[in-house]
Amino acid sequence: GDHPREECLASGERVLTAYLDSEHARDPRRILGVEVALRSEDSGLALPLAFTISLWGENDRAFGGLLIVDQFSIFFKFLFIGVALVVVFASQDAASQFKRFQGEFYALLLLATSGLMLLASTGELITIFLALELSTLASIALVAFFKTDRSVEAGVKFLVLSGISSAMMLYGMA
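Attention here is on the structure that accompanies the text. These figures come from a predicted structure and were not determined experimentally.

### Quick word on the overall build of the chain
- Across its full length, the chain carries 8 helices and 2 strands.
- Taken over 174 residues, the chain has a buried fraction of 41%.
- Look at the contacts in the chain between residues 6 or more apart in sequence, and 63% of them connect residues 24 or more apart.
- About 9,400 Å² of surface is accessible on the chain, with carbon and sulfur atoms providing 68% of the total.

What follows is the structure, given as structure tokens:
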């Protein structure tokens, strides 16, 4: 059967993070980052983790071999979700500096995580490229997120380097 549930949930979280951000704006005592990580009813990182656990021991292909579920991909999905949880909890102080844009910050973090989870399950070169671009573009936005001169410069350099390396990778794949 097809098992792209955890990737779909992780990428769908960015929409739900915007909802959480609007709820956070109404009640400023709520801690948005912890909600993103733990609230399973709003599809936080708990649901992709639960679906990844449910895949333990399976070996399957989805979408005609574009996605592969095996022990290797499941291990890396656990790793990426764990790192995302650590980043959510570690970034509470930094995220509090930009109260208006906390939802966008966590949405970009979840988008980068979903790209990495997709990358762990890819079976074709085009899927590798799409997963890399998904995680890279979200990472570029996170690098430039503080909107200081240094962070914007780093974001532009990262974008140029990413564009050049993507072009070279596509040329190599062709």
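Now that the structure has been shown, we can carry on.
### What to know about the packing of aromatic side chains
- The full count for this structure, using the stated rule, is 6 aromatic pairs.
- Look at Phe 76 and Phe 80: their rings are 6.1 Å apart centre to centre, the planes differ by 40°, and that puts the pair in the tilted class. Taken together, the residues span about one helical turn, with Phe 76 and Phe 80 both in helix H4 (residues 71–90) at a distance of 4 residues.
- Clustering of aromatic rings is evident, with ring pairs tying together Phe 72, Phe 75, Phe 76 and Phe 80.

### Digging into the packing of helix H3 (residues 46–54) against H4
- Following both chains from N to C, one finds H3 and H4 inclined at 160°, their axes separated by 10 Å at the closest point. Comparing the axis directions of H3 and H4 gives the class roughly antiparallel. Here H3 runs over H4; the crossing is left-handed. For the pair H3 and H4, contact is made by Pro 48, Leu 49, Thr 52 and Ile 53 and by Ile 74, Lys 77, Phe 78 and Ile 81, respectively.

### Some words on a nonpolar patch on the surface
- Together, Val 152, Val 156, Val 160, Ile 164 and Met 168 make up a nonpolar patch on the protein surface, roughly 450 Å² of accessible area in all.
- By secondary structure assignment, the location of Val 152 is in helix H8 (residues 149–173).

### Quick notes on the nonpolar core
- The biggest cluster of nonpolar side chains holds 11 residues, and these are Val 88, Ala 95, Phe 98, Phe 105, Tyr 106, Leu 108, Leu 109, Leu 111, Ala 112, Ala 138 and Phe 145.
- Considering each element in turn, this core owes the most residues, 6 residues, to helix H6 (residues 102–120).
- Sequence-distant contacts of Phe 145, defined by excluding residues within four places in its chain, comprise Phe 98, Phe 101, Glu 104, Phe 105 and Leu 108.

### What to know about the environment of Thr 52
- Among the structural elements, Thr 52 can be located in helix H3.
- Expressed as a C-alpha distance, the spacing of Thr 52 and Phe 75, which sit 23 residues apart in the sequence, is 9.0 Å.

What counts, and at which threshold
- Residues numbered from 1 in each chain as written.
- Predicted model: local features only at pLDDT ≥ 70, side-chain atom pairs only at ≥ 80, totals over all residues.
- Heavy atoms only, no water.
- Helix = DSSP H or I, 4+ residues; strand = E, 2+ residues; numbered from the N terminus.
- Buried < 20%, exposed > 50% of the residue type's maximum accessible area, 1.4 Å probe, protein only.
- Contact = heavy atoms within 4.5 Å.
- Areas by Shrake-Rupley, 256 points an atom, 1.4 Å probe, with all protein chains shown as cover.
- Phe/Tyr/Trp six-rings, centres within 6.5 Å; stacked < 30°, edge-to-face > 60°.
- Axes fitted to C-alpha atoms, helices over the stretch in contact; angles between N-to-C directions.
- Parallel < 35°, antiparallel > 145°, perpendicular 65-115°, else oblique.
- Left-handed = near helix turned anticlockwise from the far one by under 90°.
- Patch = residues over 30% accessible without salt bridge, like charges linked within 9 Å, V, L, I, M, F, W, Y side chains within 5 Å.
- Salt bridge = Lys/Arg side-chain N within 4 Å of Asp/Glu carboxyl O.
- Core = buried A, V, L, I, M, F, W, Y, C linked by side-chain atoms within 4.5 Å.

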